[in-house]
Amino acid sequence: MPAAPPCRPPARRCAAPRPPMAPGPFLFPPSRKMAAGGRLPLSLPGGRARAAFLRFFQERHGHRRLPSAPVRPRGDPSLLFVNAGMNQFKPIFLGTAHPRSELSRYRRVVNSQKCVRAGGKHNDLEDVGRDTCHHTFFEMLGNWSFGDYFKEEACSMAWELLTEVYEIPKDRLYVTYFGGDSSLGLSADEECRDVWLQLGVPASRVLPFPLKDNFWEMGDTGPCGPCTEIHYDHVGGGRNAAALVNQGSPDVVEIWNLVFMQYNREVEGNLLPLPQHHVDTGMGLERLVTVLQNKRSNYDTDLFTPILDAIHKGCGAPKYQGLVGDADVGRVNMAYRVVADHVRTLCVCITDGIYPGLSGAELVLRRILRRAVRFCSEVLHAPPGLLASLVPTVVEVLGDAYPELRKNADQVVDIISENEAAFLSSLERGRRVIERTVQQMQPSTNFPADVAWSLYGNLGFPLDLIDLMLEEKGIRLDSDAFNELVLEDAKRKAQGAQAAQLEGADVRLDVHSLAQLRGDNVPATDDSPKYSYKLGQHGQYEFSPCQATILMLYRDQSLQKEVGAGQRCGVILDRTNFYAEQGGQASDQGYLIRLGQQDILFPVESVHLCGGYVVHAVTAVETLRAGDQVQLFVDEARRLACMTNHTATHLLNFALRHVLGDNTEQRGSHVTAERLRFDFAVKSPVTVEQLQQVEQVVQDAIKRNEAVHMAEVPLALARRVQGLRAMDEEYPDPVRIVSLGVPVETVLTCDSEAARQTSVELCCGTHLLQTGAMEDLAIVSERQLVKGISRVIAVTGRQAKQAREVGQCLATEVDSVSIRMKQRSTSIAEMQNLSKEVGQLTEVVASTAMPQWQRKELQTILKALQRTANTAIRKLEIRQAEEKAQSLLTKHCNQPVIVDTVPADSLSILMKVVNQLCDKSPGTSVLLLSPQASGEVLCACQVSKCCW
């Protein structure tokens, strides 16, 4: 790496020193004095420690106090969660902040930032609970200078806060500085060292350390610089603990890191001085409070003890004792720590819009929740609902600092409860499966992969949880075999209801057959002819014929040269125009014939891609042999329907982003000839208006009859397309780009914005050549799979038009019922018939394929009509009951017992008559009968309390 040139700090104007300000009552009580032996005299609550930090920099040193940013990163795809206080200030450090933006006006800033370190580069998840210091969620206290003060002022402020405001004994503190790196041409940061010496820190406590300890970098490139850390000795007593600094000792821990950003690392690796110097400091509140409360464990501070107490009350397990390792028998204390930490993380993440889900940060949060639930259930033996019951306690601890927690507490409880209940049920079933399987296993054998796959696929067990439960029993799982089963299951599920009925498992090549094919140098199938189609003169699609040779047959888990009549097998060809199921699109169907035998058809039921070989599932009507020459015929109507729906899927993806926002991310899709299914992540439920807008965006593209451009390009080049929509999966190289309305060459142009204005995706599927052939698209279903993940089902062409026609017919029927309902009939029978009609319409609307926005509108109207009908019937029945009761009272005046028959259309009316009689004549017992036309007799009675 080339040496960096000598760096001198750029000229700057130092801020004028501010007069000292005595700690006021808002910081600490005046009685806070040093205790004997250099220990802190009293325990400072965590909330006041946080407030003291913020007020110190805000009021004493003129910093602008900012709220914490959400833990969901803003426009930073490199992060799953905000994991440091500086994340929100990256544009300032990188120089990308707009000169008219608020960011560009920041000079001195202070805040307490919510941070999550779970997943990605900084991942503390698996360490949480094993010790007393790791957390997935923590609070980062930080102060920043953007081109204002630098080392002298930063160190002075830090020392002042720690020793004068917090009154931490000076003889417990050690500071480190960057000791230089000759390979980079960087000398020791003597400026920083001298600042500490001038502040009175003994030279024996000012310690140099190398690059890995005291040089901070944002990433492979970008702003960076030396840092100085402040360490605290928990033991004290006048000893010299310098030898323990940065050695991983639990007795001497870092509490504050001050980073001096003065360089920029270029792409080539060299360091250049920044035009402005910045200061970025970070101090974990949990560690600070541990020091201020004279504790050795973060979990013993008041940031955690209320939560631990709530766990104890909720589960009845032995009280938390802070034990770790072998001393923690049964891992009860570890469970306390896991649950306390994880419920804090869940509350903060859900409040900030990250919900347990299926990918990215959502998947990490799902793992956190399930890990906490497992410790609640299996270690603490807590009743269901414990995790959600802790939310109010977390809000009480953190709500003053982060008011958004109080606003969203009910939503947090609901989401945790829903996910907790679902996983508890799965966990119990899974535990029984594992126990039973282990009992049946032979000694020294691996856990069956198919059982683990069932746990993973059917019960939603994370792989790491399966491994952990098996590890506890001293059993291992063959991960390769397990992963193979998971992939096979994913393919089967992706085929939908119709394809799920196909028996495709027996034609999927096993690992041995694949190895044999490659060993025999059997070439992979050339499936490029699947893209050989064009538009004819009259706008119809013309699919090119394909002739091929049978290379091998596959049956009964083995490769064969010959298969007899009536046998189901996999046919491997040298080339094919059939589309194998992949990328969410269902496979083609059709038939093949042997050359010279035009009258014998071999139906192709499904097509699968296995290791580069396309396997056609065929039931042989006559003997098939390797070497046979065949001609292939795709079911053109089915293929065209799949092409239509696949292109519609791309348009739908674009429309959803256009209407709901760029944060709408695809989570999966499936295309068949009958319909398309699309799963996506979205923060809020989709409204009726948004569904209409999405359909309109698609219909506009259909009307424009845009050309669908497709081309294969190098993967590296494709990934540079701005606005490209691609799933998080492996793609071939070269990769196929599908662009609607804009030529692929245009979207590949450097800095082209064209891809942001239309649909551009990486896709191996088959597509229309022009969007007009789609004719129409109707979203016929939309529902949430889990919180934050929605699924839509749509149809195209004639099916879409039919759905709209049906929707219009039903809307007309609903309007008719509404008109008749407004006429306010005085007949109970008529109103009951109307109510019945509303109920029947409600069922039809719920089950019929029609535009989803229209379904929701009609369901809202029908729900209101049902309430209106029920209210009208109830009022009419009460009126009729009053009349009948009055007539009976007149007939049976002052009698202690009334037994009579009355005409009544329903038992409800008869009961109302009895109630009216008893209300009007409290001392009377009543029995009424009502003969019905069906021959039945209704009976209602009530005995007076006087007779009890």
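Residues numbered from 1 in each chain as written. Predicted model: local features only at pLDDT ≥ 70, side-chain atom pairs only at ≥ 80, totals over all residues. Heavy atoms only, no water.

## Some thoughts on the packing of helix 3 (residues 151–165) against helix 4 (residues 190–198)
Reasoning step 1: Interhelical geometry of helix 3 versus helix 4 gives an angle of 40 degrees and a closest axis separation of 10 Å. In terms of orientation, helix 3 and helix 4 fall into the oblique class. Between helix 3 and helix 4 lies a crossing of right-handed hand. Together, K151, E152, C155 and W159 of helix 3 and E191, C192, V195 and W196 of helix 4 make up the contact between the two elements.
Reasoning step 2: Taken together, the residues of the contact of helix 3 with helix 4 break down into five nonpolar, no polar and three charged. (Axes fitted to C-alpha atoms, helices over the stretch in contact; angles between N-to-C directions. Helix = DSSP H or I, 4+ residues; strand = E, 2+ residues; numbered from the N terminus. Parallel < 35°, antiparallel > 145°, perpendicular 65-115°, else oblique. Left-handed = near helix turned anticlockwise from the far one by under 90°. Contact = heavy atoms within 4.5 Å. Nonpolar A, V, L, I, M, F, W, Y, C, P; charged D, E, K, R; others polar.)

## So, the sheet that holds strand 24 (residues 735–740)
Reasoning step 1: Taken in spatial order, the three strands of this open sheet run 23-24-25, and their pairing is antiparallel. One side of each edge strand has no neighbouring strand; the edge strands of this open sheet are strand 23 (708–713) and strand 25 (760–762). Taking the axes of each pair of neighbouring strands and ignoring which way they run, one obtains an average angle of 20 degrees across the sheet.
Reasoning step 2: Against the sheet, helix 19 (residues 636–660) touches strand 23, strand 24 and strand 25, its axis set at about 70 degrees to strand 24. (Pairing = 2+ DSSP bridges.)

## Brief notes about the side chain of T290
Reasoning step 1: Mapped onto the elements of the fold, T290 is located in helix 6 (residues 285–292).
Reasoning step 2: Judged by relative accessible area, T290 falls into the buried class, the value being 2%.
Reasoning step 3: Side chain to side chain, T290 and N298 meet in a polar contact 2.7 Å long.
Reasoning step 4: Residues in contact with T290, not counting those within four places in the same chain, are H234, K295, R296, S297, N298 and T301. (Buried < 20%, exposed > 50% of the residue type's maximum accessible area, 1.4 Å probe, protein only. Polar contact = N/O pair within 3.5 Å; in protein donor to acceptor, adjacent residues only side chain to side chain.)

## Points about the UniProt feature "binding site: Zn(2+)" (unreviewed entry) in the protein
Reasoning step 1: The sites that UniProt annotates as "binding site: Zn(2+)" (unreviewed entry) are H646, H650, C763 and H767. The greatest C-alpha distance among the residues just named is 9.8 Å, despite their covering 122 residues of sequence, which places them together in space.
Reasoning step 2: Residue placement: H650 occurs in helix 19.
Reasoning step 3: When neighbours within four sequence positions are excluded, H650 is seen to be in contact with V738, L740, S759, E761, C763 and H767.
Reasoning step 4: You can see C763 is positioned in the loop between strand 25 and strand 26 (777–786).
Reasoning step 5: Judged by its relative accessible area of 9%, C763 falls in the buried class.
Reasoning step 6: Aside from chain neighbours lying at most four places away, what touches C763 is H646, H650, R736 and V738. (UniProt positions renumbered as here; feature names shortened; annotations may be inferred.)

## Structural notes on empty space enclosed by the protein
Reasoning step 1: Enumeration over the complete set of coordinates arrives at two cavities of 30 Å³ or more.
Reasoning step 2: Space inside the second largest cavity adds up to approximately 30 Å³.
Reasoning step 3: In this structure, the second largest cavity is lined by V373, C376, S377, A382, P383, P384, E420 and L424.
Reasoning step 4: Elements represented by at least two residues in the lining of the second largest cavity include exactly helix 9 (360–379) and helix 13 (409–440).
Reasoning step 5: Considering every element that reaches the lining of the second largest cavity, the biggest residue donor is helix 9, with three residues.
Reasoning step 6: For the lining of the second largest cavity, the per-class residue count stands at six nonpolar, one polar and one charged. (1 Å grid on protein atoms, 1.4 Å probe; cavity = no way out; pocket = protein on both sides within 12 Å on 5 of 7 lines; lining within 4 Å. Points joined across faces, edges and corners; volume = space filled by probe spheres on them.)

## Let's talk about helix 24 (residues 828–847)
Reasoning step 1: Look at helix 24: 29 Å from first C-alpha to last across 20 residues, which is about the 28 Å you get at 1.5 Å a residue.
Reasoning step 2: On the buried face of helix 24, the contacting elements are helix 23 (797–822), helix 25 (852–891) and helix 26 (907–920).
Reasoning step 3: You can read the cap of helix 24 off the contacts: a side-chain oxygen lies 3.4 Å from the backbone nitrogen of A829, and it is on S827. (Expected span 1.5 Å × (residues − 1).)

## Re the environment of E805
Reasoning step 1: Take E805: it is sitting in helix 23.
Reasoning step 2: Considering only alpha carbons, one finds E805 and M850, 45 residues apart in sequence, at a separation of 8.1 Å.

## Examining the nonpolar core
Reasoning step 1: Membership of the largest hydrophobic core comes to 121 residues, with the highest contact counts inside it found for F53, Y166, I230, W256, I311 and L387.
Reasoning step 2: Examining the composition of this core, we find that 13 residues originate from one element, helix 8 (residues 332–351), more than from any other.
Reasoning step 3: Those residues within four positions of L387 in sequence are excluded, and the remaining contacts are V339, V343, L346, L369, A372, V373, C376, I416 and E420.
Reasoning step 4: Counting residues in hydrophobic clusters, the runner-up holds 36 residues, among them V817, M821, I909 and L938. (Core = buried A, V, L, I, M, F, W, Y, C linked by side-chain atoms within 4.5 Å.)

## Section: the packing of aromatic side chains
Reasoning step 1: One pass over the full model with this rule turns up 18 aromatic pairs.
Reasoning step 2: Pairing F57 with W256 gives two aromatic rings, centres 6.4 Å apart and planes at 90 degrees, and the pair type is edge-to-face. Placement of the pair is F57 in helix 1 (residues 46–60) and W256 in strand 8 (residues 252–265), with a sequence separation of 199 residues.
Reasoning step 3: In this structure F57 comes out as buried when scored by relative accessible area, which is 0%.
Reasoning step 4: Over the ring of Y531 we find R736; its NZ or CZ atom is 3.6 Å from the centre of that ring. (Phe/Tyr/Trp six-rings, centres within 6.5 Å; stacked < 30°, edge-to-face > 60°. Lys NZ or Arg CZ within 6 Å of the ring centre and 35° of its normal.)

## Quick word on the pairing of strand 18 (residues 613–619)
Reasoning step 1: Of all seven residues making up strand 18, six are buried, and the element is well covered by its neighbours.
Reasoning step 2: Alignment of strand 15 (residues 568–573) against strand 18, held across five bridges, turns out to be antiparallel. The partner of G570 across the bridge, within strand 18, is A617.
Reasoning step 3: Summarising the sheet, strand 17 (residues 602–610) and strand 18 pair through six bridges and their orientation is antiparallel. Paired with V604 across the bridge in strand 18 is V618.
Reasoning step 4: Here strand 17 folds back onto strand 18, and the loop between the two strands holds two residues, one of which, G611, carries a positive phi near 60 degrees.

## Considerations on unusual backbone geometry
Reasoning step 1: Residue E167 is not a glycine yet carries a positive backbone phi of 55 degrees.
Reasoning step 2: Topologically, E167 is positioned in the loop between helix 3 and strand 4 (173–178).
Reasoning step 3: In this model, Q557 sits at a positive phi of 60 degrees, which is unusual for a non-glycine residue.
Reasoning step 4: Within the secondary structure, Q557 sits in the loop between strand 12 (546–555) and strand 13 (558–560).
Reasoning step 5: Looking at Q557, the relative accessible area reads 47%, which means it is partly exposed.

## Here we look at the packing of helix 23 against helix 25
Reasoning step 1: Two elements in contact, helix 23 and helix 25, have axes separated by 11 Å at closest approach and are oriented at 20 degrees. One finds that helix 23 runs roughly parallel with respect to helix 25. Crossing hand, helix 23 versus helix 25: left-handed. Of the residues in helix 25, those in contact with R804, G807, Q808, L810, A811, V814, V817, S818 and M821 of helix 23 are W853, Q854, L858, I861, L862, L865, T868 and A869.
Reasoning step 2: Among the residues forming the contact of helix 23 with helix 25, the class breakdown is eleven nonpolar, five polar and one charged.

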